Amino acid sequence: MSLEVTEVESVPEYIDQEGIDQDSNIVILPREISVDGSSTRLVDADESSTIQKLLEQEGIAEVEKIDGEGTRAEFGADIALPSLYFALEFILENPDIVVVTFELLAIYYSRRTSGEVSLSILAESDDSKYEFEYEGPAKGLQEIPDKLYDRIEDVEDESVQEEDEEINDGAIEEPSELERE
Amino acid sequence: MSESPEDALVHSLVEEVVDSYHETVTDTERFAFLPRGIEYQREAIRSLSDFIDYAEEIKRDLQIDEEIPGRAANQVLALICMAKAVRHELRMWIRLKEENWESAWTDLVDAQEYASSAIAADSIARYCNVKTYQEKLGSIESSIFPPQQFVSPGLIVNTYECSICGEDYDTCPHLQGIAYNGVICSRILRDIEAREVSFVDDPRDKKARVRGHHVEDGFRNQMTWEIEEDTEGSEHLVDETPDHVDDDEVEDFLRIEAAVMTADDGGDDFSEFREDSEDQSEQNQEM
């Protein structure tokens, strides 16, 4: 099981353009694929609709999907899940929903596959955006919220420390890779 | 709270199927090994087919009554899937003895898929030692068969249809891989755009594999490594080179044949193992 964290460019502007209230919703993002090597097209990831339906049926209404043009079908034994976006305000205001979301995904995909699942989570911290890349057994998905909140706390601690030292360059340390067996 | 008479009846029906499953599978699993006699293996397939017919009938009864929770039908479905897995494994051993390697591979993959379906259908599958059984099938795959090269299609699907309600999967209430009243939801591809084919190590469909490649004097079968005669019309393919391949690269160019996608339910016909079918076959041989 591996969970890799990297700092990424922001996507909130794109979500805003789609008219989605990102502070109140988990956002399921489409995937960009290349068409004929010259242009790109946005498509749904293969599991996007399933995740949206699963969460809504289990009472999590705060889910929005940005629709792509068609769905990129996957035929691997391992399951590639779509990218999910969590705004900082949503993470801080709705910890229960975040935890339950990943528990539901862990339960559902544990039944679906004995192989691995991969998932990318884009999340805001106070002043940065992070991408969490998870790859491992479906059961391990339920441990992601802890890592998410740990990361936010780390960043907040770093910010406080930087203020104390009157360092005002706004830089954040290079991303770390968290790997566990 | 005591059980209602209706619930008690449902429980007793499911228990009957569970008992019958254990009796049949315990009896037949001991023939699921290569050295066992083919006649015993054929007889075991017949026993499993009888159990499957019986369990399907019970499942239909459970499905009809809307008052009965869908879990009862799901439990019976899980047992049916496990019985079908063992039935495919038995036929795999027979096909191996017949040196029908391609069919044996197909039966192995079907056995693996039915074992996975049993887990998806209901947690009762845990009591059928399904995990241990999956490990056994995995060992057979890696020790009996040569390594396979798998392929996977790259598709954009504009519409998925739900196999349960027939509606657009995006908007219907069913979730793929979940059993609803004895039927597992799956997505049917409608309106697709084919994009590419990739080689993959670990595909969802292990029947989608490279069958072999063309060589100068025929077709090398990936399973047996034997060189077979080219099928009619395919021999000229070896001499045709795509425009984008330079002449000096031709020697490195390999033409393969592969199944890219296969039907889910193509191998469930076991009628050849029915007693009346075998009698007919013997009569034909005598004539």
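Residues numbered from 1 in each chain as written. Chains lettered and ligands numbered in written order. Predicted model: local features only at pLDDT ≥ 70, side-chain atom pairs only at ≥ 80, totals over all residues. Heavy atoms only, no water.

A separate point is the overall build of chain B. Secondary structure summary: chain B contains six helices and eight strands in total. Counting from the amino terminus, chain B carries its helices and strands in the arrangement α-α-α-α-α-β-β-β-β-β-β-β-β-α. Residues classed as buried in chain B amount to 42% of the 287 residues present. Restricting the contact set of chain B to residue pairs at least 6 apart, pairs at least 24 apart contribute 71%. Counting only carbon and sulfur atoms, one obtains 47% of the accessible surface of chain B, whose full area is about 16200 Å². (Helix = DSSP H or I, 4+ residues; strand = E, 2+ residues; numbered from the N terminus. Buried < 20%, exposed > 50% of the residue type's maximum accessible area, 1.4 Å probe, protein only. Contact = heavy atoms within 4.5 Å. Areas by Shrake-Rupley, 256 points an atom, 1.4 Å probe, with all protein chains shown as cover.)

Of the residues in chain B, 86% reach a pLDDT of 70 or more, and the chain-wide mean stands at 87. By mean pLDDT, helix H6 (residues 275-286) of chain B is the weakest element of chain B at 62, and helix H3 (residues 70-97) of chain B is the strongest at 96. (pLDDT = per-residue confidence, 0-100.)

Another point: the packing of helix H2 (residues 38-64) of chain B against H3(B). Residues and elements named next belong to chain B. Packing of H2 against H3 brings their axes to within 9 Å, and their N-to-C directions diverge by 160°. Considering their axes alone, H2 and H3 lie roughly antiparallel with respect to each other. Two packed elements cross with a definite hand, and for H2 against H3 that hand is left-handed. (Axes fitted to C-alpha atoms, helices over the stretch in contact; angles between N-to-C directions. Parallel < 35°, antiparallel > 145°, perpendicular 65-115°, else oblique. Left-handed = near helix turned anticlockwise from the far one by under 90°.)

What follows deals with the interface of chain B and chain A. Listed by partner, the interface residues are 32 residues for chain B and 26 residues for chain A. Taking both partners together, chain B and chain A bury about 2300 Å²; carbon and sulfur atoms supply 43% of that area. It is Leu175(B), Arg195(B) and Arg204(B) in chain B that bury the most area against chain A; as a group they hold 25% of the surface buried on that side. Remark: the boundary between chain B and chain A carries three salt bridges. The partner of Arg41(A) in a salt bridge is Glu193(B), and the shortest N-O contact between them spans 3.0 Å. Those elements that provide at least two residues to the side of chain B that touches chain A are helix H4 (101-121), strand E1 (150-162) and strand E4 (187-200) of chain B. Ranked by the residues each element gives to the side of chain B that touches chain A, the list is headed by E1(B), at eight residues. Tallied by class, residues from the side of chain B that touches chain A come to 16 nonpolar, six polar and ten charged. When strand E6 (residues 71-73) of chain A meets E1(B), the two strands line up antiparallel, connected through three bridges. (Buried area = accessible area lost by both parts, 1.4 Å probe. Salt bridge = Lys/Arg side-chain N within 4 Å of Asp/Glu carboxyl O. Nonpolar A, V, L, I, M, F, W, Y, C, P; charged D, E, K, R; others polar. Pairing = 2+ DSSP bridges.)

All names here are of chain B. Between its first and last C-alpha atoms helix H1 (residues 5-29) spans 36 Å; for 25 residues at 1.5 Å apiece the expected length is 36 Å, and the two agree. Listing the buried residues of H1 in full gives Val10, Val14, Val17, Val18, Ser20, Tyr21, Thr24, Val25 and Thr28. Where H1 is buried, its residues touch H2 and H3. (Expected span 1.5 Å × (residues − 1).)

Before going further, it helps to spend a moment on the pairing of strand E4 (residues 39-43) of chain A. Residue and element names in this part refer to chain A. Note: strand E3 (residues 31-35) against E4, five bridges, orientation antiparallel. Residue isoleucine 33 lies in a different strand from E4, and its bridge partner there is arginine 41. Counting the residues that bridge the hairpin from E3 to E4 gives three residues, and of these aspartate 36 lies at a positive phi of roughly 55°.

Together, Glu3(B), Glu6(B), Asp7(B), Glu15(B), Glu16(B), Asp19(B), Glu23(B), Asp65(B) and Glu66(B) make up a region of like negative charge exposed at the surface. Summarising the element assignment, Glu66(B) is placed in the loop between H2 and H3. (Patch = residues over 30% accessible without salt bridge, like charges linked within 9 Å, V, L, I, M, F, W, Y side chains within 5 Å. Lys, Arg positive; Asp, Glu negative; His and termini not counted. Charge placed at Lys NZ, Arg CZ, Asp CG, Glu CD.)

In most cases, non-glycine residues show a negative phi, while peptide bonds are predominantly trans. Residue and element names in this part refer to chain B. Unusually for a residue other than glycine, aspartate 191 sits at a positive phi of about 55°. Even without glycine at this site, tryptophan 225 takes up a positive phi of about 65°. Relative to the helices and strands, tryptophan 225 is located in the loop between strand E6 (218-221) and strand E7 (227-228).

Another aspect to go through is the pattern of salt bridges. Throughout the structure, instances matching the rule amount to 21 salt bridges over all chains. Between Glu196(B) and Arg72(A) there is a salt bridge, with the nearest N and O atoms lying 3.0 Å from each other. You can see Glu196(B) sitting in strand E4 and its partner Arg72(A) sitting in strand E6, one on each of two chains. Judged by relative accessible area, Glu196(B) falls into the partly exposed class, the value being 31%. Close ionic contact of Lys84(B) with Glu56(B) constitutes a salt bridge, the shortest N to O distance being 3.8 Å. With Lys84(B) in helix H3 and Glu56(B) in helix H2, the pair connects residues that are 28 residues apart, well separated along the chain.

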